[in-house]
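Below, each chain spelled out in residue letters.
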Amino acid sequence: MLIDGHGREVNYLRISVTERCNFRCLYCMPQKPFSWNPKENLLSFEELFEFVKVAIDEGINKIRITGGEPLVREDLDKFIKLISSYKSDIDLALTTNGYLLSDVAKKLKDAGLKRINISLDSLKPAVAASIAQKNVLSKILEGIEIARELGFKIKINMVPLWGINDSEILDILEFGRERDIEVRFIEYMENIHADSKIKGLSGKEILSAIKQRYKIKRVGRVKNSPSFSYEIIENGYRFGLIDPHKHDFCEDCNRIRLTAEGYLIPCLYFDEAQSIAKAVKEKDIKKAALILKDVLANKPKENRWSEESSESSNRAFYETGG
Ligand code: SAM
Ligand code: SF4
């Protein structure tokens, strides 16, 4: 079992397998970054798997693959297969923009992937295209349908933005309700990489848009999750709200993050990180385990969002996987 410096059990590893992406979402990566991390610094799937084995042996039992866009990295199914073959009952999930999903969903399922979170910010082709800066909607919807047919557990993520998709909160909610898919509304997190003109809706504003049609009740927070669950009283449908500006979910945070270059990050809003790259390249399992434990010993008690004087974070969501 892995316990951090504040006595919290850590059992969840999020792996960003690439910072690259086929979308240019206004709130994340509106322009191609000035420079990508050099390809030679990227850990191979075999190297990432060396660390995954250590992490599983130490107590990790939930892994989410994210990015950038994880599906732009070739052979992702082989990486998933390595993990699921090592521990068949692992809770293995993916977060994707959905664009390439219909092409690879079956391979991912066969490799052992169980759950998929798909970003869906609009149901209007022109609005979706204005957020992702690409004509994306039909491919995302196709990906969602195929993932459903294959029996994946699915969630939908939406980031509501004023003047762009704020009028679609109820439409996305109904889309999820009709398909029995949980929708999670995520407050936009200001960061220096995002388009400076956008403004996100607060959690309160998101809820008040939903209250225009429905009476809702707060059900509570899912343990170890930043998502607060709400229920529509008349039909029992549950949706989630992620409000990262608060840090009332830090008290039972159970997660750490690994980047494609091998940086182990104890908290999304925390600049310190340690590299496991050398250890895994040299197959030095003991060293990798030591680094893991050291990172956990120094995991902060709360995210540092409110401590920052500016309202922006320097860390790119596409690097850490959100
Ligand atoms: N490319 C995949 C996707 O878009 O789902 C996975 C990576 S993306 C960084 C993971 C999640 O972070 C997505 O649901 C996205 O909407 C969210 N995200 C990205 N930038 C964000 C921001 N500035 N504020 C809030 N959520 C953000
Ligand atoms: Fe790409 Fe996901 Fe960021 Fe959009 S949110 S730019 S899809 S990494």
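What comes next concerns the included structure. Fair warning: this is a prediction, and the values are worked out from it, not measured in the lab.

The mixed open sheet is built from twelve strands, whose spatial order is β7-β8-β9-β6-β5-β4-β3-β2-β1-β10-β11-β12. Each edge of the open sheet carries a strand with a single partner, namely β7 (216-221) and β12 (274-275). Looking at chain direction, strand β10 (residues 255-258) and strand β11 (residues 263-265) are connected through two bridges and run antiparallel. The residue of β11 that forms the bridge with R257 is I265. Lying on the sheet, helix α1 (residues 45-58) is in contact with β1 (12-16), β2 (62-66), β10 and β11; it crosses β1 at an angle near 170°.

The N-to-C vectors of helix α6 (residues 169-179) and helix α7 (residues 203-211) enclose an angle of 70°; their axes lie 9 Å apart at closest approach. Judged by the angle between their axes, α6 and α7 are roughly perpendicular. Packed against α6, whose contacting residues are I169, L170 and L173, the element α7 presents I206, A209 and I210 at the interface. Among the residues making up the contact of α6 with α7, the classes are represented as six nonpolar, no polar and no charged.

Moving on, we get to the environment of I144. Within the secondary structure, I144 is located in helix α5 (residues 137-149). A relative accessible area of 0% places I144 in the buried class. Aside from chain neighbours lying at most four places away, what touches I144 is I118, L120, I154, I156, F175 and I181.

A word on α7. Inspection of α7 places G203, I206, L207, A209 and I210 among the buried residues, and these make up the whole buried set. Buried residues of α7, viewed axially, fall in a sector of 155°; they line one side. Projecting away from the buried face of α7 at angles above 90 degrees are the exposed residues K204 and K211. For α7, the elements touching its buried residues are α6, β6 (182-186), β7, β8 (227-232) and β9 (238-242).

It is worth spelling out the site of ligand 1 at this point. Neighbouring residues of ligand 1: 19 residues in total, closest Y27, G68, E69, S119 and M189. At 2.6 Å from an oxygen atom of ligand 1 is found a side-chain nitrogen or oxygen belonging to S119. A distance of 3.2 Å is found between a nitrogen atom of ligand 1 and a side-chain nitrogen or oxygen belonging to N191. Taken by itself ligand 1 offers 540 Å² of open surface, and the protein chains cover 94% of this. Across the shell around ligand 1, the residue classes break down as seven nonpolar, ten polar and two charged.

Each value, and the rule that gives it
Residues numbered from 1 in each chain as written. Chains lettered and ligands numbered in written order. Predicted model: local features only at pLDDT ≥ 70, side-chain atom pairs only at ≥ 80, totals over all residues. Heavy atoms only, no water. Pairing = 2+ DSSP bridges. Helix = DSSP H or I, 4+ residues; strand = E, 2+ residues; numbered from the N terminus. Contact = heavy atoms within 4.5 Å. Axes fitted to C-alpha atoms, helices over the stretch in contact; angles between N-to-C directions. Parallel < 35°, antiparallel > 145°, perpendicular 65-115°, else oblique. Nonpolar A, V, L, I, M, F, W, Y, C, P; charged D, E, K, R; others polar. Buried < 20%, exposed > 50% of the residue type's maximum accessible area, 1.4 Å probe, protein only. Arc of directions from axis to C-beta. Near = heavy atom within 4 Å. Polar contact = N/O pair within 3.5 Å; in protein donor to acceptor, adjacent residues only side chain to side chain. Areas by Shrake-Rupley, 256 points an atom, 1.4 Å probe, with all protein chains shown as cover.

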